[in-house]
Amino acid sequence: MERAIDRKAICIFAATGFFLEADTFYTDEQVLQPGTKYVLDADGQIKEQTVNFKWFHKPRDISFQTALDEFTDLFETIVQEQTGSNPVILPLSGGLDSRSQAVALKHMGADVHSYSYSFVGGFKEHKISEHIAKACAFPFTALQIPTGYLWDVLDGAADINKCYSEFTHPRQMAVLENLKQIPGEFSLGHWGDVFFDRGIAKQDAHLSELGLIYKKVIKKSGLALASALWQSWDLEGDFEAYLKSRIQELLHQIPIADTGAKIRAFKSLYWAPRWTSVSLSFFEAAHPVNVPYYDDKMCKFICEVPEAYLADRQLQIAYIKNRNPKAARIPWQGQMPYNLYTYQNNKSPNNLPYRIRTKLKREIEALLGKKYIQRNWELQFLGTKNETHLKRYLNEPSFLDFVGMDVVTNMYDKFKHDDPVFYSHAVSMLLTLAVWYQKKEGSKITTYKENLKRDFESH
């Protein structure tokens, strides 16, 4: 019997990059919710469910120093509980979340092997990571994300994440075999940037709760793709109105008055489980995974800390400076070329010399034919070979029948000729849907390499 596809849910997936709440590709299947204990019957139906954790907002009247002391004790306790005496694999970036973990693991004397990766032709993020590793005396491995790796691993990636997130965001598949060779368990910094920053950016303070969520979750070209699919499938009503009503209903269910805290809770309830957590499966394909910021004790702590202390990464910055000043003096990628002691100077005219130097360098390299790579899709979608692979999936006849040929043609043409940055999300989501549809149909799309081999053997 053919299962009923939930086209409305897929439209939201296309717009945001993640399924909302319990939605899946099918109307007869739902995802269990985080922070909830379930009892299922023999048919897999829910008999009982108990919520273990509910988001709240009751900030205590404490000093920043008290909040910092509590964070230090709590964070290091959680990291210790999760890692135990096991060897730790630590992915390092140029930011603050993994740097905080590095500092904690160094303080604990853990057995750590760190690594980082950079895009071929892009910013050398692994250079910052290597400096952090040296400051903590960790062994370090530098990896590169190569051009066109996606097509060799796409089938395996789909088996891992079941097509519940687009394939050009998680870079782990490019280096999965390398990661399997490193012994230990991962300690990952996912969601630290959401917990330890403002719930609302200063420039967005005038927006409504719905407006804030809507602005945050809708991807570039996501609305265009979702609306096109909605029309192609002749769904009742208007997609944008449907999405806003879904979001508003979920917001109403969060009993928090403070807007910033409410937005953080919404992200943690609906974005983290259906987007961030899906990508954890790529790490789990190599080794067990630990996520300190996901711990219930950390969630409770966030609910009780004044918003002013969470803003602007203050607690993480103070923690790193206190525990490991050497690590704090290494540049912060988001505030280049400044570090955790000097980042406040990242404003004009102080930062003009650095900005001018980097712009000139990129322009010179562009004249020499060296394109500066900032995003994974640039390595996987651009160029003749990549285009051949991509079109093989997007132009598969049964998939075109499913989504509508006009939808695919229009989005890809705009990606190619109008604005590749803006329409890259739409193309990536179409690729994800094409792979899912292929898996659903039980078919296999012939790859570029397989076609070359077939043509060679036929001659």
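Please refer to the structure higher up on the page.
Residues numbered from 1 in each chain as written. Predicted model: local features only at pLDDT ≥ 70, side-chain atom pairs only at ≥ 80, totals over all residues. Heavy atoms only, no water.

Colleague: How would you sum up the overall build of the protein? Please name residues and give values.
Modeller: The helix and strand tally for the protein stands at 22 helices and seven strands. The C-alpha radius of gyration of the protein comes to 23 Å, within 12% of the 23 Å expected for a compact globule of 459 residues. A principal-axis box enclosing the C-alpha atoms of the protein has dimensions of 65 × 60 × 45 Å. When each of the 459 residues of the protein is scored for burial, the buried share is 50%. (Helix = DSSP H or I, 4+ residues; strand = E, 2+ residues; numbered from the N terminus. Rg over C-alpha atoms; globule rule 2.2 N^0.38 Å. Buried < 20%, exposed > 50% of the residue type's maximum accessible area, 1.4 Å probe, protein only.)

Colleague: Residues and numbers for the nonpolar core, please.
Modeller: Judged by nonpolar contacts, the single largest core of 149 residues is most densely connected at Phe25, Phe196, Met298 and Leu431. Apart from the residues within four sequence positions on either side, Leu431 is in contact with Leu150, Trp151, Leu154, Phe381, Leu390, Tyr393 and Leu394. (Core = buried A, V, L, I, M, F, W, Y, C linked by side-chain atoms within 4.5 Å. Contact = heavy atoms within 4.5 Å.)

Colleague: Help me get a handle on the sheet that holds strand E4 (residues 112-119), residues and values and all.
Modeller: The strand order E5-E4-E3-E6-E7 describes an open sheet built from five strands, whose pairing is parallel. Looking at which strands have only one partner, the edges of the open sheet turn out to be strand E5 (140-145) and strand E7 (289-290). Summarising the sheet, strand E3 (residues 88-91) and strand E6 (residues 185-187) pair through two bridges and their orientation is parallel. The partner of Val88 across the bridge, within E6, is Glu185. Against the sheet, helix H4 (residues 125-135) contacts E4 and E5, and its axis sits at roughly 165° relative to E4. (Pairing = 2+ DSSP bridges. Axes fitted to C-alpha atoms, helices over the stretch in contact; angles between N-to-C directions.)

Colleague: Summarise helix H9 (residues 222-232); cite the residues concerned and give the values.
Modeller: Taken as a whole, H9 has its buried residues at Gly222, Leu225, Ala226, Leu229 and Trp230. One side of H9 holds all its buried residues, which, seen down the axis, span an arc of 135°. For H9, the secondary structure elements touched by its buried residues are helix H1 (7-16), helix H10 (239-252), helix H19 (397-403), helix H20 (405-417) and helix H21 (420-441). (Arc of directions from axis to C-beta.)

Colleague: Now, about the side chain of Glu185: what can you tell me, with residues and values included?
Modeller: Locating Glu185 in the fold gives a position in strand E6. This buried residue, Glu185, is left without a salt bridge; Lys297 holds the nearest opposite charge, at 15 Å. Within polar-contact distance, the side chain of Glu185 engages the side chain of Asn86 at 3.4 Å. Side-chain polar atoms of Glu185 contact the side chain of Asn290, separated by 3.2 Å. Setting aside chain neighbours within four positions, we find Glu185 in contact with Gln82, Asn86, Pro87, Val88, Ile89, His287, Pro288 and Asn290. (Lys, Arg positive; Asp, Glu negative; His and termini not counted. Salt bridge = Lys/Arg side-chain N within 4 Å of Asp/Glu carboxyl O. Polar contact = N/O pair within 3.5 Å; in protein donor to acceptor, adjacent residues only side chain to side chain.)

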